[in-house]
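# Structure at a glance
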Amino acid sequence: MFKKKIETQINPEMMDNLDPNRIPHHIAIIMDGNGRWAQKRHLPRVAGHKQGMETVKKITKVASDLGVKVLTLYAFSTENWKRPDQEVNFLMDLPIKFFDKFVPELIENNVRVNVIGYIEQLPEKTQKAVLDAIDKTADNDGMVLNFALNYGSRAEMVTAMQKMATAVQNNELAVEAINEETVAEYLMTNSLAPYQDPELLIRTSGEERISNFLLWQIAYSELLFTDVYWPDYNGVELVRNIIAFQNRDRRFGGLKKENK
Ligand code: IPE
Ligand code: IPE
Ligand code: MG
């Protein structure tokens, strides 16, 4: 009961340490540890994915309440096809289950769904669920819930380079005109403008690597690794991670304020 209370309201003392004016606009999360969470409980790995979906719902609500503009969740990487068919199939069905139940709540919370990744390679029924959710939430102007689905950062860059090369070939883009903004425009995250780059990247489960996620976009992101498995992650953890972010000294190659 008490735990539930913390879950929904976040402990007020903790909220005192959070600066509501410095909430990161864009938070990206590598949702990792579903399989280990399940194995620890002697459950099949997919039970972890199912529970992980519940965490997505909770975190979406808390992030939206905190005023986050974009929440990017890494749900399936271009490398995750290497997993056993049974697991891949389960993961491909998850968006269907998720959106089926959760879209009304997204609408209630004014959340808009967006996707980055090669969704045309997903099974028809998964594509349909995703496109329907995008469509149904298209008019919402609150937080953007951005799923990275069949996403890989290197593939994204290759596609961007191919598109840029084609534009050059067609005389639509001058080589000398290519700059950092142009590159950003050709990446999938252009759909998130002006919040393409996350200020904060969180990875759960204790792994400390990027696994082909937003390589260009995280150039100056604060990286935060937590040992909590994704199914155990919650609003309290998110607030704790944002407080840690607010205590970081972001210099962008310059100097601390007091040394200027
Ligand atoms: C993250 O959990 C979800 C996906 C990658 C789809 P994992 O399935 O990678 O869980 P672990 O890392 O094996 O525990
Ligand atoms: C990264 O997790 C991909 C997602 C969370 C969707 P993985 O579990 O696939 O990454 P590795 O294999 O541990 O690097
Ligand atoms: Mg993993």
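Residues numbered from 1 in each chain as written. Chains lettered and ligands numbered in written order. Predicted model: local features only at pLDDT ≥ 70, side-chain atom pairs only at ≥ 80, totals over all residues. Heavy atoms only, no water.

Going by the annotation in an unreviewed UniProt entry, the name recorded for the protein is Isoprenyl transferase, with Ligilactobacillus ceti DSM 22408 given as the source organism. Check the Subunit (unreviewed entry) section of the UniProt entry for the protein; it says "Homodimer." If you open the UniProt record of the protein and go to Sequence similarities (unreviewed entry), you find "Belongs to the UPP synthase family." (UniProt positions renumbered as here; feature names shortened; annotations may be inferred.)

### Quick look at the site of ligand 1
Taken together, 13 residues surround ligand 1, and among them Met31, Asp32, Arg36, Arg45 and Arg83 come closest. Side-chain polar atom of Arg36 to an oxygen atom of ligand 1: 2.7 Å apart, as the coordinates give it. Computed on the free molecule, ligand 1 has an accessible area of 380 Å², of which 87% lies beneath the protein chains in the complex. Listing elements by their share of the shell around ligand 1, those giving two or more residues are helix H3 (34-40), helix H4 (45-66) and helix H5 (85-108). Ranked by the residues each element gives to the shell around ligand 1, the list is headed by H3, at three residues. Residue composition of the shell around ligand 1, by class: three nonpolar, five polar and five charged. (Near = heavy atom within 4 Å. Polar contact = N/O pair within 3.5 Å; in protein donor to acceptor, adjacent residues only side chain to side chain. Areas by Shrake-Rupley, 256 points an atom, 1.4 Å probe, with all protein chains shown as cover. Helix = DSSP H or I, 4+ residues; strand = E, 2+ residues; numbered from the N terminus. Nonpolar A, V, L, I, M, F, W, Y, C, P; charged D, E, K, R; others polar.)

### Points about the nonpolar core
The biggest cluster of nonpolar side chains holds 51 residues, and the ones touching the most others in it are Ile27, Ile29, Leu71, Phe99, Phe147 and Leu238. Leave out the neighbours within four places in its chain, and Ile27 touches Val68, Val70, Leu71, Thr72, Leu200, Ile202, Leu238 and Ile242. Judged by nonpolar contacts, the second largest core, of 13 residues, contains Ala28, Tyr74, Tyr151 and Leu214. (Core = buried A, V, L, I, M, F, W, Y, C linked by side-chain atoms within 4.5 Å. Buried < 20%, exposed > 50% of the residue type's maximum accessible area, 1.4 Å probe, protein only. Contact = heavy atoms within 4.5 Å.)

### A few points about the pairing of strand E1 (residues 26-30)
Across the five residues that make up E1, a large majority, five, are buried. Here E1 shows no split at all, with His26, Ala28 and Ile30 on one side and Ile27 and Ile29 on the other all buried. Summarising the sheet, E1 and strand E2 (residues 70-77) pair through five bridges and their orientation is parallel. Each bridged residue has a counterpart across the sheet, and for Ile29 the counterpart in E2 is Leu73. Across four bridges, E1 lies against strand E5 (residues 200-203) in parallel orientation. Bridging from a neighbouring strand, Ile27 pairs with Leu200 of E5. (Pairing = 2+ DSSP bridges.)

### Re the side chain of Asn241
Mapped onto the secondary structure, Asn241 falls in helix H9 (residues 235-246). Sequence-distant contacts of Asn241, that is, excluding residues within four places in its chain, are made with Leu200, Ile202, Leu224, Thr226 and Tyr233.

### Comments concerning the packing of H4 against H9
Across the interface, H4 lies against H9 with an axial gap of 9 Å and an inter-helix angle of 45 degrees. Relative to H9, the element H4 is oriented oblique. Here the hand of the crossing between H4 and H9 comes out right-handed. Contact residues: H4 offers Ile59, Val62, Ala63 and Leu66, while H9 offers Gly235, Leu238, Val239 and Ile242. Of the residues that constitute the contact of H4 with H9, the class distribution is seven nonpolar, one polar and no charged. (Axes fitted to C-alpha atoms, helices over the stretch in contact; angles between N-to-C directions. Parallel < 35°, antiparallel > 145°, perpendicular 65-115°, else oblique. Left-handed = near helix turned anticlockwise from the far one by under 90°.)

### Description of the side chain of His26
Tracing the sequence through the fold places His26 in strand E1. Note on His26: relative accessible area 0%, which makes it buried. Separated by 2.7 Å, the side chains of His26 and Thr72 make a polar contact. Within polar-contact distance, the side chain of His26 engages the backbone oxygen of Tyr195 at 2.8 Å. Beyond its immediate sequence surroundings of up to four residues, His26 is in contact with Val70, Thr72, Leu192, Tyr195, Gln196, Asp197, Pro198, Glu199 and Leu200.

### Considerations on the site of ligand 2
Taken together, Ile30, Met31, Asp32, Tyr74, Ala75, Phe76, Asn80, Arg83, Arg203, Arg209 and Ser211 make up the full set of residues adjacent to ligand 2. A distance of 2.6 Å is found between an oxygen atom of ligand 2 and a side-chain nitrogen or oxygen belonging to Ser211. Taken by itself ligand 2 offers 390 Å² of open surface, and the protein chains cover 77% of this. Considering each element in turn, the shell around ligand 2 owes the most residues, three residues, to E2. The residue inventory of the shell around ligand 2, partitioned by class, reads five nonpolar, two polar and four charged.

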